[in-house]
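This is what each chain is made of:
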Protein chains: 2
Amino acid sequence: MKNKLKVLRAENDMTQAQLADETGVSRQTINAIEKGKFDPSLPLAFKLARLFNRKIEDIFQDEND
Amino acid sequence: MKNKLKVLRAENDMTQAQLADETGVSRQTINAIEKGKFDPSLPLAFKLARLFNRKIEDIFQDEND
DNA sequence: TGTAAATGTCAAGTTTTATTTACATTTTAT
DNA sequence: ATAAAATGTAAATAAAACTTGACATTTACA
């Protein structure tokens, strides 16, 4: 699962730690998701989408589309 | 996490077993998600959205919106 | 150049979700 | 009314998300 978190963070001038803080997860979780090590839970995906004011599909792209 | 799976199944005349089959999970998993017992993984949410040609947000509604 | 902030990574452990199996209840249709 | 199909539910296990802590590397910038 690819994603645009790094770009969205840059656009919003946020660090991984800040994003982790705002979504209530650890910095390592944000880093791992950003690097594609695993997928976020659906609730976390919703939080991220809401925070950046985007659709989940605009942030995350399923490989097998 | 609420969802519209039951309605979407009805609109597409599908059983839980058929939906399970098409998304590669067990019928009980579909049933549990449909009844709100737990949330699908993000990949499964993508599969369901793709199958019904909807956005994830159109199928699933996070309670704390 | 040095140093602090940010990012990357890894291992071990906890929590949550998915899957399986099995059975009970409800719905549908004959 | 009865049989079959569909749905509901629960316990046990597997798998994945997430945490914690620690340390290494990279980036920014004084």
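This one's a predicted model, so the numbers in the text were calculated from it and none came from an experiment. (Residues numbered from 1 in each chain as written. Chains lettered and ligands numbered in written order. Predicted model: local features only at pLDDT ≥ 70, side-chain atom pairs only at ≥ 80, totals over all residues. Heavy atoms only, no water.)

K.L.:
Residue-level account of the protein's contact with DNA strand D, with values.
P.N.:
Neighbouring residues of DNA strand D: 20 residues in total, closest Ser-26, Thr-29 and Ser-41 of chain A together with Arg-27 and Asn-31 of chain B. Among the atoms of DNA strand D close to the protein, meaning within 4 Å, 58% are from sugar or phosphate groups. The separation between a phosphate oxygen of DNA strand D and a polar side-chain atom of Thr-29 of chain A is 2.5 Å. A distance of 3.2 Å separates a phosphate oxygen of DNA strand D from a polar atom in the backbone of Asp-39 of chain A. Every element with two or more residues in the surface near DNA strand D is listed here: helix H3 (27-34) of chain A together with helix H3 (27-34) of chain B. Broken down by element, the surface near DNA strand D gets its largest block of residues, 4 residues, from H3 of chain A. Classifying every residue of the surface near DNA strand D by side-chain character gives 5 nonpolar, 9 polar and 6 charged. (Near = heavy atom within 4 Å. Polar contact = N/O pair within 3.5 Å; in protein donor to acceptor, adjacent residues only side chain to side chain. Helix = DSSP H or I, 4+ residues; strand = E, 2+ residues; numbered from the N terminus. Nonpolar A, V, L, I, M, F, W, Y, C, P; charged D, E, K, R; others polar.)

K.L.:
Outline the relation of the copies chain B and chain A, listing residues and values.
P.N.:
By a simple turn and slide, chain B fits onto chain A: the slide is 0.0 Å along the axis, the RMSD is 0.0 Å, and the turn is 180°. The relationship between the two copies is best expressed as a two-fold rotation axis. Scanning chain B for the C-alpha nearest the rotation axis identifies Leu-42 of chain B, at a separation of 2.6 Å. Here 100% of the interface residues in chain B have copies in chain A that are interface residues too; the copies meet face to matching face. (Least-squares fit on C-alpha atoms with pLDDT ≥ 70 in both. Contact = heavy atoms within 4.5 Å.)

K.L.:
Any chance you could break down helix H4 (residues 42-52) of chain A for me, citing the residues and the numbers?
P.N.:
All buried positions along H4 of chain A are accounted for by Leu-42, Leu-44, Ala-45, Phe-46, Leu-48, Ala-49 and Phe-52 of chain A. With its phi angle positive at about 60°, Asn-53 of chain A sits one or two positions after the end of H4 of chain A. (Buried < 20%, exposed > 50% of the residue type's maximum accessible area, 1.4 Å probe, protein only.)

K.L.:
Tell me about the protein's contact with DNA strand C, and name the residues and values.
P.N.:
Looking at DNA strand C, there are 16 residues lining it, with Gln-16 of chain A together with Gln-28, Phe-38, Asp-39 and Ser-41 of chain B nearest. At 2.7 Å, a side-chain N or O of Gln-16 of chain A approaches a phosphate oxygen of DNA strand C. Those elements that place two or more of their residues in the surface near DNA strand C are H3 of chain A together with H3 of chain B. It is H3 of chain A that contributes the most residues to the surface near DNA strand C, 3 residues altogether. Across the surface near DNA strand C, the residue classes break down as 3 nonpolar, 8 polar and 5 charged.

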